[in-house]
Amino acid sequence: MPSRMIALTVNGRGREILVKPKATLLQALRELGCTDVKNGCEKGDCGACAVLLDGIAVNSCLVLAGQTDGSEVTTNAGLGTIDHPHALQEAFADGGAVQCGYCTSGMVISAKALLDRNPEPTESEIGQAISGNLCRCTGYGQIIQAIQVAAGSQRRGEE
Ligand code: FES
Ligand code: FES
């Protein structure tokens, strides 16, 4: 099968890219310069490549790029900026939930998807939501706490 051109909206910006039939969304996003989307395992085990695909959190290494034509993709970088960080990004940075940072983008995306559907998650619901995201540095405690802090800020309208 030949390569095909697909159109995506990535973090609000229209992009086009020629993809091979077996290219993954992860590969396409990296090629488009989304370096916040990490390639950890390429088999769905680590969550480092998580993005929102039309609002749903997916491991982009498990999605064929060719199937995403016309979709909207949001990566961690699309949630906020250094000057105007998302509540989750702020809570992760302030709460020591980022160490090497490799897992962070995927964690934030999984947490965003959780808070979008459940603004007041319990600790166990947070644990479940990030169960597909591996972190080899933090021991998860600060990450769970940061998500709780961000949920509280969002509920108080401080986002
Ligand atoms: S790189 Fe996609 S889940 Fe690990
Ligand atoms: S901060 Fe290093 S893997 Fe999570």
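The coordinates are above.
Quick caveat, the model's predicted, so the values are computed rather than measured.

Draft legend 1. Molecular detail of the layout of surface pockets. Roughly 270 Å³ of volume is contained in the largest pocket. The wall of the largest pocket is formed by 14 residues, among which N76, G80, T81, I82 and Q89 lie closest to the centre. Broken down by element, the lining of the largest pocket gets its largest block of residues, three residues, from helix α2 (residues 87–94). Mapped onto the domain boundaries, the lining of the largest pocket takes at least three residues apiece from domain 1 (4–78) and domain 2 (87–155).

Draft legend 2. The side chain of T68, seen in detail. Here T68 is to be found in the loop between β4 (56–59) and β5 (72–74). Looking at T68, the relative accessible area reads 1%, which means it is buried. Discounting chain neighbours no more than four positions away, the residues touching T68 are I6, A7, L8, L25, L53 and V63.

Draft legend 3. A look at the packing of helix α3 (residues 104–117) against helix α5 (residues 141–155). For the pair α3 and α5, the least separation of the axes is 11 Å and the interaxial angle reads 40°. Relative to α5, the element α3 lies oblique. Crossing geometry of α3 relative to α5 is assigned as right-handed. Counting all contacts with α3, which are made through M107, A111 and L115, the residues of α5 involved are I143, I147, A150, A151 and Q154. Looking at the contact of α3 with α5 residue by residue, the class counts come to seven nonpolar, one polar and no charged.

Criteria and cut-off values
Residue numbering note: each chain is counted from 1, following its sequence as written. Chains and ligands are labelled by the order in which they are written, letters from A for the one and numbers from 1 for the other. In keeping with the predicted nature of the model, local features appear solely for residues at pLDDT of at least 70, side-chain atom pairs appear and are counted solely at 80 or more, and the whole-chain, interface and lining totals rest on all residues. No hydrogens and no water enter the side-chain calculation; it runs on all heavy atoms of the structure. Definitions used throughout: a 1 Å grid over protein atoms alone; a cavity as a set of points that fits a 1.4 Å probe which cannot get out; a pocket as an open set with protein on both sides within 12 Å along at least five of seven lines; a lining residue as one with an atom within 4 Å of a point. Grid points are joined across faces, edges and corners, and a volume is the space filled by probe spheres set on the points. Numbering of helices and strands runs from the N terminus, with a helix taken as a DSSP run of H or I at least four residues long and a strand as a DSSP run of E at least two residues long. As used throughout, domain bounds are those supplied by an automatic or database domain assignment. Exposed residues in this analysis have more than 50% of their type's maximum accessible area, buried residues have under 20%, and partly exposed residues fall in between, with area computed by a 1.4 Å probe over protein chains only. We call two residues in contact when some of their heavy atoms are within 4.5 Å. Helix axes use the C-alpha atoms of the stretch in contact, all axes being lines fitted to C-alpha atoms, and the angles between their N-to-C directions lie in the range 0 to 180 degrees. Note on angle classes: values under 35 degrees are labelled roughly parallel, values over 145 roughly antiparallel, values of 65 to 115 roughly perpendicular, and the remainder oblique. Two helices that cross are described as forming a left-handed crossing if the nearer one is turned anticlockwise from the farther one by less than a right angle, and a right-handed crossing if clockwise. Under the convention adopted here, Pro, Cys and the residues Ala, Val, Leu, Ile, Met, Phe, Trp and Tyr are nonpolar, Asp, Glu, Lys and Arg are charged, and Gly plus all remaining residues are polar.

Geometric values such as these leave the question of function open.
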